[in-house]
Amino acid sequence: MTSLQTLRIAIFVAFSAVSLTSCESNPEAKQLLKEIQADYEAGNYQRVIYSIDSLRHNYPDAIEERKEALKIQQEASLKMAQENLALVDSSLQASIRQFDEMKPIVEAHRKECVATEEELQQFNELRARRDSLQGVFNLECAKIKYIHKRQKELTNDK
């Protein structure tokens, strides 16, 4: 056997040993995953997201823990998006009502040339608020749809 072949075998053995040890379970990563699960069950979704980021950053070789954390991250992100959607929806509905109530009044005042600057400014601010909330509402709906799609893909991959 030549020295080059011996060197190749030694390198292969070294890489094999490194890859085998990197697949071993890490007790700290397991503990952090347990904390993440407890935070999820307690409804601390933002903390779950931060902790999963720490898990991914600090334990890149904890593959099984990271896979489980990905599922929890999707669930936590979904819950946060759904909660945010509910809040945005109620604000959006209130803004739509205010805008719809004010619109005929402002239009009548414009037609009669008696609309005040303050009235027009308030009307434009209501329109901007309504449109902004509609954008946030659409974004949250898209986020929820995307998370559902990713969850389905993960389920189908198994």
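An account of the accompanying structure is given in this report. Bear in mind that the values here come from a model prediction, so they are computed numbers and not experimental data.

## Points about the side chain of glutamate 140
Here is step 1: With respect to the helices and strands, glutamate 140 occurs in helix H5 (residues 117–157).
Here is step 2: Ignoring anything within four residues of it in the chain, the contact list for glutamate 140 reads Ala81, Asn84 and Leu85.

## A word on the side chain of serine 95
Here is step 1: Tracing the sequence through the fold places serine 95 in helix H4 (residues 63–111).
Here is step 2: Classification of serine 95 by relative accessible area gives buried; the value is 1%.
Here is step 3: Separated by 3.3 Å, the side chains of serine 95 and arginine 129 make a polar contact.
Here is step 4: Dropping the residues within four chain positions of it, serine 95 is found in contact with Arg129, Arg130 and Leu133.

## Some remarks on the pattern of salt bridges
Here is step 1: Following the criterion strictly, the structure yields seven salt bridges and no others.
Here is step 2: Note that lysine 30 is salt-bridged to glutamate 65, the shortest N-O span being 3.5 Å. With a gap of 35 residues between them, lysine 30 in helix H2 (residues 27–41) and glutamate 65 in helix H4 connect regions that are remote in the sequence.
Here is step 3: Note on lysine 30: relative accessible area 42%, which makes it partly exposed.
Here is step 4: For glutamate 65, a relative accessible area of 4% corresponds to the buried category.
Here is step 5: We note a salt bridge from arginine 150 to glutamate 153, for which the minimum N-O separation is 2.7 Å. Remark: glutamate 153 and arginine 150 occur in helix H5; sequence separation between them is three residues, near one turn of the helix.
Here is step 6: On the basis of relative accessible area, glutamate 153 is assigned to the partly exposed category, the value being 29%.

Thresholds, definitions, all that
- Residues numbered from 1 in each chain as written.
- Predicted model: local features only at pLDDT ≥ 70, side-chain atom pairs only at ≥ 80, totals over all residues.
- Heavy atoms only, no water.
- Helix = DSSP H or I, 4+ residues; strand = E, 2+ residues; numbered from the N terminus.
- Contact = heavy atoms within 4.5 Å.
- Buried < 20%, exposed > 50% of the residue type's maximum accessible area, 1.4 Å probe, protein only.
- Polar contact = N/O pair within 3.5 Å; in protein donor to acceptor, adjacent residues only side chain to side chain.
- Salt bridge = Lys/Arg side-chain N within 4 Å of Asp/Glu carboxyl O.

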